[in-house]
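Okay, here's what each chain looks like letter by letter:
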Amino acid sequence: DSGVTQTPKHLITATGQRVTLRCSPRSGDLSVYWYQQSLDQGLQFLIQYYNGEERAKGNILERFSAQQFPDLHSELNLSSLELGDSALYFCASSPRPERYTQYFGPGTRLTVL
Amino acid sequence: SQQGEEDPQALSIQEGENATMNCSYKTSINNLQWYRQNSGRGLVHLILIRSNEREKHSGRLRVTLDTSKKSSSLLITASRAADTASYFCATLEGGSQGNLIFGKGTKLSVKP
């Protein structure tokens with residue numbers, strides 16, 4: 001158990017819908033990262049937050065957004081969902097950005113029908 | 001975009017044998033990390049090696065890093081059926097904000 005929690009574990013929804021994925025980092029970790037894992041793209045970095053502020057952006061679509069709240073939990077919002085958004089979404093946390101081991105949550109499996 | 005490539009893509013061995021997986025990357029890095037993923041589950045951190053280190057051990061794991069060749073290897077000794085999983089290398093680029101760049105992984109199958 002990494003100490004990172006993600007909810008829900010599974011999510012099935014329809015195209016065009018909007019969903020919110022939630023992540024609670026390990027106690028004391030200030031940095032949160034979101035990654036997407038799909039069969040064709042592999043593991044891709046989406047976005048990073050540090051202590052409530054956006055720190056870095058990767059291959060995140062404009063239909064996706066995220067935020068980190070004062071209690072350090074984070075949410076990833078996916079809107080106007082398409083079939084191709086079906087993937088495993090992972091959240092990871094570390095004490096601070098740069099140079100630190102990232103601890104991954106169990107992931108949320110999103111299926112868009 | 002993918003930073004590196006793991007080699008081989010798939011590896012099948014018998015219990016007790018050693019398994020070696022290789023990873024190549026493209027840019028200068030701060031550190032390189034190896035993760036394990038059991039089918040469809042979360043990633044488990046195995047080991048981190050910094051750019052100024054050449055070799056690191058953790059239990060049955062041995063990682064080497066050759067920054068001149070931009071490559072790393074992960075050796076699992078005396079493998080067990082429970083080691084069956086996908087193994088990914090991930091690099092932290094020099095000057096990055098901390099986001100990891102993952103390779104495509106090696107799928108290891110250890111037969112009892």
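All values derive from a computational prediction rather than experimental measurement.

Reading the values: rules and limits
- Within any chain, residue numbers begin from 1 and follow the written order of that chain's sequence.
- Just so you know, chain letters begin at A and ligand numbers begin at 1, following the order they were written in.
- Local features in this predicted model are restricted to residues whose pLDDT is 70 or higher, and side-chain atom pairs enter the listing and the counts only when it is 80 or higher, whereas totals over whole chains, interfaces and linings include all residues.
- Computation of side-chain values: all heavy atoms of the structure, hydrogens and water removed.
- When a residue's accessible area, from a 1.4 Å probe over protein chains only, is under 20% of the maximum for its type it is buried; when over 50% it is exposed; and in between it is partly exposed.
- A run of H or I in DSSP counts as a helix once it spans at least four residues, and a run of E counts as a strand once it spans at least two, with each numbered from the N terminus.
- One requirement defines pairing of two strands: DSSP has to find at least two bridges between them.
- Only rings of Phe, Tyr and Trp enter the pairing, Trp through its six-membered ring, and a pair is recorded when the two centres are within 6.5 Å. The plane angle decides the type: under 30 degrees is stacked, over 60 is edge-to-face, the rest tilted.
- Contacts are residue-level and defined by heavy atoms, with any inter-residue pair within 4.5 Å sufficient.
- The quantity reported as buried area is the accessible area (1.4 Å probe) lost by two parts once they are put together, taken as the sum for both.
- We define a salt bridge as a side-chain nitrogen of Lys or Arg found within 4 Å of a carboxyl oxygen belonging to Asp or Glu.
- Here a polar contact means two N or O atoms within 3.5 Å. Within protein one must be a hydrogen donor candidate and the other an acceptor candidate, and residues neighboring in sequence count only if both atoms are side-chain atoms.

Quick look at the pairing of strand E8 (residues 74-78) of chain A now. Residue and element names in this part refer to chain A. With five of five residues buried, E8 lies mostly within the body of the structure. Judged from the five bridges that link them, strand E3 (residues 19-24) and E8 form a sheet pairing that is antiparallel. Bridge pairing links Thr20 to Asn77 in E8. Note that strand E7 (residues 64-68) and E8 share five bridges and pair antiparallel. Within the sheet, the bridge partner assigned to Gln68 lies in E8 and is Ser74. What sits between E7 and E8 in their antiparallel hairpin is a turn of five residues, with Leu72 showing a positive phi close to 80 degrees.

Within this structure, the stated rule accounts for nine aromatic pairs over all chains. Consider the rings of Tyr35 of chain A and Phe104 of chain A, whose centres lie 5.3 Å apart with planes at 40 degrees: the pair is tilted. Of the two residues, Tyr35 of chain A sits in strand E4 (residues 31-38) while Phe104 of chain A sits in strand E10 (residues 103-104), which places them 69 residues apart along the sequence. Comparing Tyr35 of chain A with Phe104 of chain A shows no difference in burial state: the two are buried. Among the aromatic residues, ring-to-ring pairing joins Tyr35, Phe45, Phe90 and Phe104 of chain A together with Tyr35, Phe88 and Phe102 of chain B into one connected group.

To continue, consider the interface of chain B and chain A. Every contact between the two is made by 22 residues of chain B and, on the other side, 24 residues of chain A. Between chain B and chain A, roughly 1,700 Å² of surface is buried when both sides are summed, and carbon and sulfur atoms account for 50% of that area. Applying the counting rule to chain B against chain A returns zero salt bridges. Here chain B is connected to chain A by three residue pairs in polar contact (both at pLDDT 80 or more). Broken down by secondary-structure element, the contributors of at least two residues to the side of chain B that touches chain A are strand E4 (29-37), strand E5 (43-50), strand E9 (85-93) and strand E10 (100-102) of chain B. The leading source of residues in the side of chain B that touches chain A is E4 of chain B, at five residues.

In short, geometric facts, not functional conclusions.
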